[in-house]
Amino acid sequence: MEPISSSALDQFLEVITQQVIAKSAEKLDAPELLTEQQAAQRFNVSPRKLQAWRFNERLIKGVHWTQVEGSIRYIPEMLRDRFINWDDDTTHLATIEEWRRQQTKARSKRKGKVA
């Protein structure tokens, strides 16, 4: 049996990682989850800013970001709303409540129940 090359192993790990991310997105009913670098690029902020906002709780775990296999992933639709309503916490909190209701309803439908 031949040893597996480093590049083949890297490719394999990338495929597995993407599958785990896709499963997590499915559980969250989020269309996609972004890495820190992807989120920084999409929203034109630095990765350090995202980290700082996570640590000072401007970004909430389970709403704006989640942890998948030890890696931080961002939920783009909620990040977008956070940035749009940066100075309007009341409006952003209303969006969070609606998003959570939709998440609960979608989970109930998948389990065969009506919310």
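As a starting point, this report considers the structure included with it.

So, how was this worked out
Residues numbered from 1 in each chain as written. Predicted model: local features only at pLDDT ≥ 70, side-chain atom pairs only at ≥ 80, totals over all residues. Heavy atoms only, no water. Pairing = 2+ DSSP bridges. Helix = DSSP H or I, 4+ residues; strand = E, 2+ residues; numbered from the N terminus. Phe/Tyr/Trp six-rings, centres within 6.5 Å; stacked < 30°, edge-to-face > 60°. Buried < 20%, exposed > 50% of the residue type's maximum accessible area, 1.4 Å probe, protein only. Lys NZ or Arg CZ within 6 Å of the ring centre and 35° of its normal.

### Points about the pairing of strand β1 (residues 65-68)
Then step 1. Taken together, the four bridges between β1 and strand β2 (residues 71-74) define a ladder with antiparallel strand orientation. Of the residues in β2, the one forming a bridge with Val68 is Ser71.
Then step 2. Once β1 ends, the chain turns through two residues before running back antiparallel as β2, passing Glu69 with a positive phi of about 50 degrees.

### Digging into the packing of aromatic side chains
Then step 1. Following the criterion strictly, the structure yields four aromatic pairs and no others.
Then step 2. Centroid distance Phe43 to Phe83: 5.3 Å. Interplanar angle 55 degrees. Geometry classified as tilted. You can see Phe43 sitting in helix α2 (residues 36-43) and its partner Phe83 sitting in helix α4 (residues 76-84), a full 40 residues away along the chain.
Then step 3. The exposure class assigned to Phe43 is buried, which follows from its relative accessible area of 17%.
Then step 4. Given the relative accessible area of 23%, Phe83 is considered partly exposed.
Then step 5. What links up through ring pairs into an aromatic cluster is the set Phe43, Trp53, Phe83 and Trp86.
Then step 6. For Arg58, the ring lying beneath its charged end belongs to Trp86, and the centroid distance is 4.2 Å.
Then step 7. Looking at Arg82, its charged tip hangs above the ring of Trp86, at a distance of 5.2 Å from the centre.

By themselves, these are just geometric observations and shouldn't be taken as functional.
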